[in-house]
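Read off the chains here:
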Amino acid sequence: GTVLWATKHLNNVLGKTVVVLGQGAIGLAFTDLIRRMGPRQLIAVDRHDYRLATAQQRGATSILNPLRDDIPSCVADLTNGVGADAVVEASGTPEAINQMADLIRQYGQIILFGLPEEDLVEIEYFKLMRKMPTIVPTVSASDPAPSDGIKEAVSMVQSGDLDVSWLVTHQVSFD
């Protein structure tokens, strides 16, 4: 529901390039929902190959692992040097937060969703501001109607418009 809420604050990405940083449950949900919005390129980034494989199954057109790929160079190559139209930060790591400036095109859109472990994150301010992005902090709990996104997601699952069964990757006993 919170990811659904956040995607509603994303500009039109039809035919555009979107990067999703982090492919945990939240990032994968972003990848799945954004795919439905018709981007030309949907680039998933994560350190875990099994998550990247799931992202590809959910519609990512390119998958990148920062342990072996130079993410800014790869995104530059994939966008002919222009940068992504939108970057979704879903990992909460200071590195990913600061990497957005290297990935976003001039006047692009950034969705800040990941929750850092620390209250304060040092940001390379001028590097980011030179791109003049639209920055959307998506803390849906701060919305006047914070449960609306969850209600809508539940309704979509009940009607069959949204399948989230793929998010269950492991079943373990209580022991």
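Residues numbered from 1 in each chain as written. Predicted model: local features only at pLDDT ≥ 70, side-chain atom pairs only at ≥ 80, totals over all residues. Heavy atoms only, no water.

J.: So, the overall build of the chain: which residues are in play, and what are the values?
T.: Helix and strand content of the chain: 7 helices and 6 strands. Secondary structure elements of the chain occur, N-terminal to C-terminal, as α-β-α-β-α-β-α-β-α-β-α-β-α. Taken over C-alpha atoms, the radius of gyration comes to 16 Å for the chain, in line with the 16 Å a tight globule of 175 residues would show. Summarising its shape, the C-alpha atoms of the chain cover approximately 45 × 40 × 35 Å along the three principal directions. (Helix = DSSP H or I, 4+ residues; strand = E, 2+ residues; numbered from the N terminus. Rg over C-alpha atoms; globule rule 2.2 N^0.38 Å.)

J.: Please set out the pairing of strand 4 (residues 84-89) residue by residue, giving values where relevant.
T.: Of all 6 residues in strand 4, 6 are buried, a share of seventy percent or more. Relative to strand 4, strand 1 (residues 17-21) is paired through 4 bridges, and the arrangement is parallel. The residue bridging Val 20 from the neighbouring strand is Val 88, located in strand 4. Bridge analysis of strand 4 against strand 5 (residues 104-112) gives 5 bridges, and the strand direction is parallel. The residue bridging Ala 86 from the neighbouring strand is Gln 109, located in strand 5. On the question of chirality, the crossover connecting strand 4 to the parallel strand 5 by way of helix 5 (residues 94-103) is right-handed. (Buried < 20%, exposed > 50% of the residue type's maximum accessible area, 1.4 Å probe, protein only. Pairing = 2+ DSSP bridges. Right-handed = clockwise from strand over helix to strand, strands pointing away.)

J.: Which residues make up the pairing of strand 5, and what values do they have?
T.: Inspection of the sheet shows strand 5 paired to strand 6 (residues 134-137) by 4 bridges, in the parallel sense. Counted as the bridge partner of Gln 109 is Thr 134 from strand 6.

Keep in mind these values describe shape, not function.
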